[in-house]
Amino acid sequence: MTAILEVKGITKRYGGLTAVNAVSFDVAEGEVLSVIGPNGAGKSTLFKLISSFVPATAGEVLFRGTKISDLAPHKVARMGVVRTFQETTIFKSMTVRENIVVAHQLRAKASLLGFFLGSAQAKADEEAFGVSADEIIRFLGLGAIRDELASNLPQGHLRALGMAIGLATNPTVLLLDEPFAGMNHDETMNMVANVRRLRDERGVTVLLVEHDMPAVMKISDRIVVINFGEKIAEGTPAEIQANPRVIEAYLGSEDAAIGM
Amino acid sequence: MNAQRLLGIAGFLLAVFVLVPWGIAASGRWDFYYTLTSVALLSIGAAGVWLTFYIGRINIGQGAYALMGGYVSAVLITKAGFSFWATLPLAGLFCAVISVLIGLPILRLRGVYFAMVTLVLTEVTRLTALALPVTNGAKGITSIPLPSELSVFGLTIIPDFATMQNPKLAFYLLAATLMVLGYAALWRIVNSRLGHLCRSLQQNEELASSIGVNTAYLRVLAYAISSFFGGISGAVFVAISQSIYPSSFVVTDSINFMLYCFLGGLGYVFGPMLGTLLLYFGWDLLSVAKQYQLLIYSSAMIALMLAVPNGILSLLDRKGGQK
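Cut-offs used in this document
Residues numbered from 1 in each chain as written. Chains lettered and ligands numbered in written order. Predicted model: local features only at pLDDT ≥ 70, side-chain atom pairs only at ≥ 80, totals over all residues. Heavy atoms only, no water. Helix = DSSP H or I, 4+ residues; strand = E, 2+ residues; numbered from the N terminus. Contact = heavy atoms within 4.5 Å. Areas by Shrake-Rupley, 256 points an atom, 1.4 Å probe, with all protein chains shown as cover. Lys, Arg positive; Asp, Glu negative; His and termini not counted. Charge placed at Lys NZ, Arg CZ, Asp CG, Glu CD. Expected span 1.5 Å × (residues − 1). Buried < 20%, exposed > 50% of the residue type's maximum accessible area, 1.4 Å probe, protein only. Core = buried A, V, L, I, M, F, W, Y, C linked by side-chain atoms within 4.5 Å. Polar contact = N/O pair within 3.5 Å; in protein donor to acceptor, adjacent residues only side chain to side chain. Phe/Tyr/Trp six-rings, centres within 6.5 Å; stacked < 30°, edge-to-face > 60°. Lys NZ or Arg CZ within 6 Å of the ring centre and 35° of its normal. Pairing = 2+ DSSP bridges. Axes fitted to C-alpha atoms, helices over the stretch in contact; angles between N-to-C directions. Buried area = accessible area lost by both parts, 1.4 Å probe. Salt bridge = Lys/Arg side-chain N within 4 Å of Asp/Glu carboxyl O. Nonpolar A, V, L, I, M, F, W, Y, C, P; charged D, E, K, R; others polar. Patch = residues over 30% accessible without salt bridge, like charges linked within 9 Å, V, L, I, M, F, W, Y side chains within 5 Å.

Enquirer: How would you summarise the overall build of chain B if you had to cite specific residues and measurements?
Expert: Secondary structure assignment for chain B yields 13 helices and 2 strands. Taking the principal axes of the C-alpha coordinates as reference, chain B spans close to 55 × 50 × 45 Å. Long-range contacts, defined as pairs at least 24 residues apart, comprise 76% of the intrachain contacts of chain B with a sequence gap of at least 6. Of the roughly 14800 Å² that chain B leaves accessible, carbon and sulfur atoms contribute 70%. Here chain B contributes 17 positive and 9 negative side-chain charges, whose respective centroids are spaced 7 Å apart.

Enquirer: Kindly report on helix 5 (residues 120–139) of chain A, identifying the contributing residues and their values.
Expert: Side chains that are three or four residues apart share a direction in an α-helix, a result of its 3.6 residues per turn. Residue and element names in this part refer to chain A. With 20 residues, helix 5 extends 29 Å from end C-alpha to end C-alpha; this agrees with the ideal 28 Å at 1.5 Å per step. Among the residues of helix 5, Ala122, Asp125, Phe129, Gly130, Ser132, Ala133, Ile136, Ile137 and Phe139 are the ones counted as buried. In the segment just after helix 5, Gly141 is the residue with positive phi, at about 65°.

Enquirer: So what about the nonpolar core? Which residues, and what values?
Expert: Counting residues in each nonpolar core, the largest one holds 118 residues, and the members touching the most others are A:Ile100 and A:Leu161. If one sorts the elements of this core by residue count, helix 2 (residues 31–54) of chain B sits on top with 11 residues. Contact partners of A:Leu161, with chain neighbours within four places excluded, come to A:Ile90, A:Val96, A:Asn99, A:Ile100, A:Ala150 and A:Leu153.

Enquirer: Quick one: what's the story with the side chain of A:Asn99, residue by residue and with numbers?
Expert: Residues and elements named next belong to chain A. Relative to the helices and strands, Asn99 resides in helix 3 (residues 96–102). Only 3.5 Å separates the side chain of Asn99 from the backbone oxygen of Met94, close enough to count as a polar contact. In this structure Asn99 touches Ile90, Phe91, Met94, Ala150, Leu161 and Ile165, once residues within four positions along its chain are discounted.

Enquirer: Go over the packing of aromatic side chains with me, naming the residues and quoting the values.
Expert: As enumerated under the stated definition, the model contains 15 aromatic pairs over all chains in all. Each ring, one from B:Phe114 and one from B:Tyr223, has its centre 6.1 Å from the other, and the planes form 75°; the classification is edge-to-face. With a gap of 109 residues between them, B:Phe114 in helix 5 (residues 111–131) and B:Tyr223 in helix 9 (residues 215–241) connect regions that are remote in the sequence. Judged on exposure class, the residue B:Phe114 and its partner B:Tyr223 are both buried. Here B:Trp283 and B:Tyr297 contribute two aromatic rings whose centre-to-centre distance is 5.0 Å and whose plane-to-plane angle is 70°, an arrangement assigned as edge-to-face. Here B:Trp283, found in helix 11 (residues 271–285), pairs with B:Tyr297, found in helix 12 (residues 293–307); they are 14 residues apart in sequence, far enough to count as distant. A connected cluster of aromatic rings, assembled from ring pairs, spans B:Phe84, B:Trp85, B:Phe161 and B:Phe171. Here the basic side chain of A:Arg83 rests over the ring of A:Phe53, its NZ or CZ set 4.6 Å away from the ring centre. One cation-aromatic arrangement involves A:Arg197 over A:Phe139; the distance from NZ or CZ to the ring centre is 4.3 Å.

Enquirer: Any details on the sheet that holds strand 7 (residues 173–177) of chain A? Residues and values, ideally.
Expert: Backbone hydrogen bonds are what pair the strands of a sheet, in a parallel or an antiparallel way. Residue and element names in this part refer to chain A. Spatially, 6-7-8-3-9-10 is the arrangement adopted by the 6 strands of the open sheet, whose pairing is mixed. In this open sheet, the two strands that pair with only one neighbour each are strand 6 (81–83) and strand 10 (230–235). Averaged over neighbouring strand pairs, the angle between their axes works out to 20° when direction is ignored. Here strand 9 (residues 222–227) pairs with strand 10 via 5 bridges, running antiparallel. In the sheet register, Val225 faces strand 10, and the bridge partner there is Ala233.

Enquirer: Could you give an account of the interface of chain B and chain A, with specific residues and numbers?
Expert: It is common to give the size of an interface as the accessible area that goes away when the parts come together. The partner chain A presents 31 residues to the 24 residues of chain B that form the contact. Contact between chain B and chain A buries roughly 2300 Å² in total, counting both sides, with carbon and sulfur atoms accounting for 63%. Its largest share of buried area at the contact with chain A, chain B owes to B:Arg193, B:Leu207 and B:Ile211, together 32% of the area lost on that side. On the surface where chain B and chain A come into contact, there are 1 salt bridge. B:Arg199 is the partner of A:Glu98 in a salt bridge, and the nearest nitrogen-oxygen pair spans 4.0 Å. One can count 9 residue pairs in polar contact (both at pLDDT 80 or more) joining chain B with chain A. Take the side of chain B that touches chain A: its biggest share by element is 7 residues, from helix 7 (residues 193–203) of chain B. Among the residues forming the side of chain B that touches chain A, the class breakdown is 11 nonpolar, 9 polar and 4 charged.

Enquirer: Could you give an account of the sheet that holds strand 1 (residues 3–14) of chain A, with specific residues and numbers?
Expert: Residue and element names in this part refer to chain A. Strand order in the open sheet formed by 4 strands is 2-1-4-5, with antiparallel pairing between adjacent strands. Looking at which strands have only one partner, the edges of the open sheet turn out to be strand 2 (17–28) and strand 5 (66–67). Strand direction decides the pairing type here: strand 4 (residues 58–63) and strand 5, joined by 2 bridges, are antiparallel. Across the sheet, residue Leu62 finds its bridge partner in strand 5, namely Lys67.

Enquirer: Tell me what's going on with the environment of B:Trp187, and back it up with residues and numbers.
Expert: All names here are of chain B. With respect to the helices, strands and loops of the structure, Trp187 is situated in helix 6 (residues 167–191). Residue class for Trp187 comes out partly exposed when judged on its relative accessible area of 29%. Contacts of Trp187, omitting those with residues within four sequence positions, involve Arg5, Val269 and Phe270.

Enquirer: Got a sec to walk through a nonpolar patch on the surface? Specific residues and values, please.
Expert: All names here are of chain B. Together, Leu6, Ile9, Phe12 and Leu13 make up an exposed nonpolar region whose accessible area comes to about 340 Å². When you line up the elements, Leu6 lands in helix 1 (residues 2–27). With a relative accessible area of 59%, Leu6 lands in the exposed category.

The following block contains the structure:
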């Protein structure tokens, strides 16, 4: 098991507030790793640090041994580490298919001038994007809504669309931001199956940040738990469920709760 | 569908290049040439503004680039002895280069903040033109010669404007040709992947960068193209009036460029062209109303904004027509 993504002592301070404090862990190639923690634990900040959407105060993130934590987001994406967003972040006034086609930017071989002039390469690219978009639509079962405007979609479909946009970039590592939030049980189960197939059929390494415990336990190979910006546990779902520090973080220690 | 589009293009070209000159000759309203030439040139500038709208930025600074383009052309003709035809692309390129330098820092701003900076830009350009020695301050540059002959390998393509019987017609044809070329380029941008990427920026810059779009580069590129259009438009205006002053393009002009886009329709490539035609021509026709001109004009504009907030061309969509 080789580490594809290494998070090394990553720290983020906002003024006097330390949102993430020296968190380190490795993500192995082909695994599904979840980062969990109570509200305000610093999960979202950690997520943004790994995808390079905010600069780190200290520490670094390595992708296949190369430092990615100071690069612009589009460069990190270009290397193969791609994030998805929560449901509202889609191209609202495009159809589902247009969203996915436009998200193929990373695979474009033609230059912008080539696209403007309609060069042979540009035409080949456009065609390949269309084929690939249709394939992704099939993979995620979005066929029924392919020509629907994204702004008209319900939550569950929006998440799936977010994942489709991520897939269009052909990622090596896909970072999912709370993929199950706001979903009902059926939608969650459907999404869990999709994430598993992503790994099994496409070989994508998945790192996700999530609240939904049952889903996380079902989906993850390993889990990292953070609380107050620090890593408090790391291990398989079974190990995490039995870890007293995790239980304390989620339920509060009895003594602390009654102030003794 | 494709035949329909070709027919539309042919009809448009016929109207612009044949019917308008014929109509003017028949009616004897030679003053319409000046009006329609202005419409064509302003609509080029408006096309640029429209493109910045397309990447999600409100641009109220096109007057700055029109002024810059005008001065570049005027200075090169009068001080360096360039032909007008050489100065035309140079004016556009100069504006594009300046806009890259200005755009790199200011395009990070969004919404009203970007709009405010661009608004100031026109005023800054005017003051710069007042202060610089090369622009001759408030006295401006006057008596600029008309465009000279343009020939390639000894073959005359465009004769010297000074020897023409009807330079008004020639200027109209020049402006109309540039307008057609400008809008063809714009149409192509919007309908190619470049346009899809611009739309992705307009709708969500964060997501665009997460899928690998170099958002900073694309923003600057769109702004540079926009300013190129502004420069071209300004340079031809100067050639027609044969003079330029710091007040040739002011903040009002910048605002008008934006209004043309709004009224025509931000979602439609040909929106700014229609907007320019209606607003500029409408203003001209309303001069018969004398002191009520501004009142009627403003009321009509408010009414239009209320009735068709997405621009006049959105009326086509309501009837189930295509873009």
